[in-house]
Amino acid sequence: MPKKVEFVEKQSFLAGWLGDHRPLNVTEITSLYFNLKKSIMTKALALGFSQTAQSKEVRSFMKGVVELAENHINTFRSKLHEDFVSSSIFWDTHITDSQTAPFSDKLMMAHGGFLLQAAIAYYGTAFSSSTRRDLGAEYSAAVARIAQVAEDGMNIMIANNWFEKPPHTVDRNEIQKS
């Protein structure tokens, strides 16, 4: 617990591109830890889905999500460990060896897509609350990687006619042509 209030006195508080940087603050630790736990859960779910999906295409997509989550887990854990902050445990050992699908491929893809969308939102929030530049760069890179994988998922959903078009506004330009 802090014993007194301290104020930032130098612009170096924002440093972090290269070389030395200040220790993580409580907001940054919270974001890293939360995103680490979310990535661990995403990895575990996608790992289970990759074993049980019926379609090779969905299995392959889920393997990509596992690899992506693993990458993010390693990044977040290393940032915490650099400042001697403990990190969460993995859930991989709790996944059975079952290959029987508990859900349809369509539902698994919907869950996978939701987790990727949520990750983008959470990383954006973490980016906006982190004052260390290196963390902002990590979150930006993570969002870019997610966007690539998410597009692959959307293409699978569209190709299989699993993506229902959400309600949208009236296309005024199209109406004016009539």
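Everything below is about the structure printed above this text.
Residues numbered from 1 in each chain as written. Predicted model: local features only at pLDDT ≥ 70, side-chain atom pairs only at ≥ 80, totals over all residues. Heavy atoms only, no water.

Here the focus is helix H2 (residues 56-82). Taking 1.5 Å per residue as the helical rise, H2 with its 27 residues ought to reach 39 Å, and the 39 Å between its terminal C-alpha atoms agrees with that figure. Measuring from the side-chain oxygen of the N-cap residue of H2 to the backbone nitrogen of Glu-57 gives 3.1 Å; that N-cap residue is Ser-55. Trailing H2 by a residue or two, Phe-84 shows a phi angle of about 60°, which is positive. (Helix = DSSP H or I, 4+ residues; strand = E, 2+ residues; numbered from the N terminus. Expected span 1.5 Å × (residues − 1). Polar contact = N/O pair within 3.5 Å; in protein donor to acceptor, adjacent residues only side chain to side chain.)

There is about 170 Å³ of room inside the second largest pocket. Every residue along the wall of the second largest pocket is listed here: Phe-61, Met-109, Ala-110, Gly-113, Phe-114, Leu-116, Gln-117, Ala-150, Gly-153, Met-154, Met-157 and Phe-163. Mapped onto the lining of the second largest pocket, the elements with two or more residues apiece are helix H3 (105-129) and helix H4 (133-159). Among the elements that make up the lining of the second largest pocket, the one with the highest residue count is H3 (6 residues). (1 Å grid on protein atoms, 1.4 Å probe; cavity = no way out; pocket = protein on both sides within 12 Å on 5 of 7 lines; lining within 4 Å. Points joined across faces, edges and corners; volume = space filled by probe spheres on them.)

This part covers the pattern of salt bridges. Overall, the coordinates contain 4 salt bridges when judged by the stated rule. In this structure, Asp-83 engages Arg-132 in a salt bridge whose closest nitrogen and oxygen atoms are separated by 3.9 Å. In this pair, Asp-83 sits in the loop between H2 and H3 while Arg-132 sits in the loop between H3 and H4, placing the two residues 49 residues apart along the sequence. The exposure class assigned to Asp-83 is partly exposed, which follows from its relative accessible area of 22%. Arg-132 is paired through a salt bridge with Asp-134; the nearest N and O atoms lie 2.9 Å apart. This pair shows no difference in class: Arg-132 is buried, exactly as Asp-134 is. If you follow the salt bridges from partner to partner, you end up with Lys-79, Asp-83, Arg-132 and Asp-134 in one network. (Salt bridge = Lys/Arg side-chain N within 4 Å of Asp/Glu carboxyl O. Buried < 20%, exposed > 50% of the residue type's maximum accessible area, 1.4 Å probe, protein only.)

This brings us to the nonpolar core. Membership of the largest hydrophobic core comes to 30 residues, with the highest contact counts inside it found for Phe-61, Met-62 and Met-109. For this core, the secondary structure elements donating two or more residues are helix H1 (26-52), H2, H3 and H4. Take this core: its biggest share by element is 9 residues, from H2. (Core = buried A, V, L, I, M, F, W, Y, C linked by side-chain atoms within 4.5 Å.)

Turning next to a nonpolar patch on the surface. There is a patch of nonpolar side chains on the surface, built from Met-41, Ile-89 and Trp-91 and spanning about 280 Å² of accessible area. Secondary-structure assignment places Trp-91 in the loop between H2 and H3. Judged by its relative accessible area of 34%, Trp-91 is partly exposed. (Patch = residues over 30% accessible without salt bridge, like charges linked within 9 Å, V, L, I, M, F, W, Y side chains within 5 Å. Areas by Shrake-Rupley, 256 points an atom, 1.4 Å probe, with all protein chains shown as cover.)

Another point: the packing of H3 against H4. Helix-helix packing: each pair is described by the crossing angle between the helix axes and the interaxial distance. Where H3 contacts H4, the two axes come as close as 9 Å, and the packing angle between them is 160°. One way to sum up the angle between H3 and H4 is to call them roughly antiparallel. For the pair H3 and H4, the sense of crossing is left-handed. On H4, the residues touching Met-109, Ala-110, Leu-116, Ala-119, Ile-120, Tyr-123, Ala-126 and Phe-127 of H3 are Gly-136, Tyr-139, Ser-140, Ala-142, Val-143, Ile-146, Val-149, Ala-150, Gly-153, Ile-156 and Met-157. Each residue belonging to the contact of H3 with H4 can be placed in one class, and the counts come to 16 nonpolar, 3 polar and no charged. (Axes fitted to C-alpha atoms, helices over the stretch in contact; angles between N-to-C directions. Parallel < 35°, antiparallel > 145°, perpendicular 65-115°, else oblique. Left-handed = near helix turned anticlockwise from the far one by under 90°. Contact = heavy atoms within 4.5 Å. Nonpolar A, V, L, I, M, F, W, Y, C, P; charged D, E, K, R; others polar.)

With that settled, the discussion passes to the side chain of Ser-31. Relative to the helices and strands, Ser-31 resides in helix H1. For Ser-31, a relative accessible area of 12% puts it in the buried group. What Ser-31 contacts, discounting residues up to four positions off in sequence, is Ala-126, Ser-129 and Tyr-139.

Treat this as a map of the structure, not an account of what it does.
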